[in-house]
Amino acid sequence: MDKKDRILLPKGSEYTVEITDVNNLGSGVGHVEGKTLFVRGAVTGDVVRVSVIKDTVTYAVGRVLQIEKASDVRTTETFCHAPDACGGCVHRYVTYEHELECKRAYVQNAFRKVGLADVCVAPVQTTGVTSGYRNKGQYPVKQGKNGMEAGFFASKTHNLVKADKCALQPAIFGQIVAFVCAFCDSHGIKAYDELTGKGLLRHIYLRESKNSQQVMLCLVLNGRGMPAEKRFIAEATEKFAQISGIVLNFNEKNTNVVLGKEYRTLWGKSDIEDELCGLRFRISPGSFYQVNREGAELLYGLARKRAALTGKETLIDLYCGTGTIGLSMAKDAASLVGIEIVPEAVDCARENAARNGIRNATFICNDAGDAQVILSACGGKAPDVAIIDPPRKGSTEGLVKCFAELGIARVVYVSCDPDTLARDCKWFRENGYEIGEVTPVDMFPRTGHVESVVCLTRREL
């Protein structure tokens, strides 16, 4: 765009804008003089008075000054009392029904963008539970004017937004966080400062077993211990009977990684146990576990249906992590082989199999990027069905070609990112696979995230 043709929306300028859409980050989308304007807190159908806070060559960002006409999909209920700057619940201002429509549209648009508009995207599946579903909470802390403050980092920053409660987490998390901050203030324990490297407490980290209601409390320290440990144990366990263990994590590095590598159990158990899809899983502070257990059961159930196992198949689970998806289907297969590149996750997957008495499962630490690795893992024979649940960046074109070369009949793809899922599905189609119905699953209500599951079926040659 030529400089002289550039549309300028000066910072501080005000406009009345009709919001015609909302993006996957929850920002309303409007247009001023042909230029796209993103407005956080505005929803489809609103007419709002906005002030421009950022202007770029291709778009501008505004903040709501006044809602001149409220949309029909705007909710009148207050979902969360945390400040809007928290940035977590991007759909906090719309009805849940409209949120589900937005998430389905997000998935549909991702497929349209890669030329797969013909792919059927089903309505979003949900448990219907929109609050208190998270079993994990991580609260950074800072030293405020009146003592220690806990909260969340504002989106794409390390600016702490004070909030000791979260609508997505159990109420007890907020109560424990408030107690920890008060205890630190009364015992002279200071919050860690990223700029100076001083201060002791970095994060308050909590995990809950939805099955037993037990809570693990982990304090992330910039040091090797904390003052008044015995008093802390006595007061915390007297006030909260749900606490089953208190663990210290040591992170003395200048890093934005939350957890260090070393732990010390201060009191009680060093882990908690939960049940998922009828199986028992041990959850340590550093192990991966789905943060929405009920949502995970819904997602895994859909994946299991798409796999259509009869008990005769060799099932391979790639990017298997701690083995949860594959183990939930192991009883339906002749054998399960899981491949994961992270050694700690593989150890955990093996332990999970043993814990649940699953004897037809094998877990291997390797990068499943080529046919030979898969063939070797499966005893020289191509597996019948594959499950993949890759990270947000998606899978690789090489792996898709590998599936085609091996002639794997069905690939069940579980995705946490619609854009990379659509890209990968295009690769599958180009390599001889039919794309089945894509089913979005709302694992993280009120946030901008949506999971999806789809079965890719090898065409008859």
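Here the structure is shown first, and the text comes after it.
Each value, and the rule that gives it
- Within each chain, residues carry numbers counting from 1 in the order of the written sequence.
- Only residues with pLDDT of 70 or above have their local features reported here, since the model is predicted, and side-chain atom pairs are shown and tallied only from 80 upward, although totals for entire chains, interfaces and linings are computed over all residues.
- By convention in this description, side-chain values take in all heavy atoms of the structure and omit both hydrogens and water.
- Pairing between two strands is assigned when DSSP locates at least 2 bridges connecting them.
- Counting from the N terminus, the helices are the DSSP runs of H or I reaching at least four residues and the strands are the DSSP runs of E reaching at least two.
- Relative accessibility decides the category of a residue: with a 1.4 Å probe and only protein chains considered, values under 20% of the type maximum give buried, values over 50% give exposed, and everything between is partly exposed.

A. Just the sheet that holds strand 5 (residues 47–55), in detail. Pairing is mixed in the open sheet, where 6 strands are placed in the order 1-5-6-4-3-2. Edge positions in the open sheet fall to strand 1 (14–18) and strand 2 (21–22), since each of these has one partner strand only. Note that strand 4 (residues 35–40) and strand 6 (residues 59–69) share 5 bridges and pair parallel. In the sheet register, R40 faces strand 6, and the bridge partner there is R63.

B. Quick peek at the pairing of strand 3 (residues 27–32). Among the 6 residues of strand 3, 5 are classified as buried, and the element is accordingly described as predominantly covered. Relative to strand 3, strand 2 runs antiparallel, the two sharing 2 bridges. The residue bridging D21 from the neighbouring strand is V29, located in strand 3. In textbook terms, the turn of a hairpin is the stretch between consecutive antiparallel strands, and for strand 2 and strand 3 this stretch comprises 4 residues, one of which, G26, has a positive phi near 90°.

C. Quick look at unusual backbone geometry. The backbone phi angle of Q213 is positive, close to 70°, even though this residue is not glycine. Tracing the sequence through the fold places Q213 in the loop between strand 10 (201–208) and strand 11 (215–221). The exposure class assigned to Q213 is partly exposed, which follows from its relative accessible area of 41%. Phi is positive for A308, which is not a glycine, with a value near 50°. Residue placement: A308 occurs in the loop between helix 4 (293–307) and strand 16 (314–318). Looking at A308, the relative accessible area reads 41%, which means it is partly exposed.

D. Highlighting the pairing of strand 4. The alternating pattern of strand 4 places K35, L37 and V39 on a buried face, while none of T36, F38 and R40, on the opposite face, is buried. Bridge analysis of strand 3 against strand 4 gives 6 bridges, and the strand direction is antiparallel. The residue bridging G30 from the neighbouring strand is L37, located in strand 4.

Everything listed here is a matter of geometry and, on its own, says nothing about what the molecule does.
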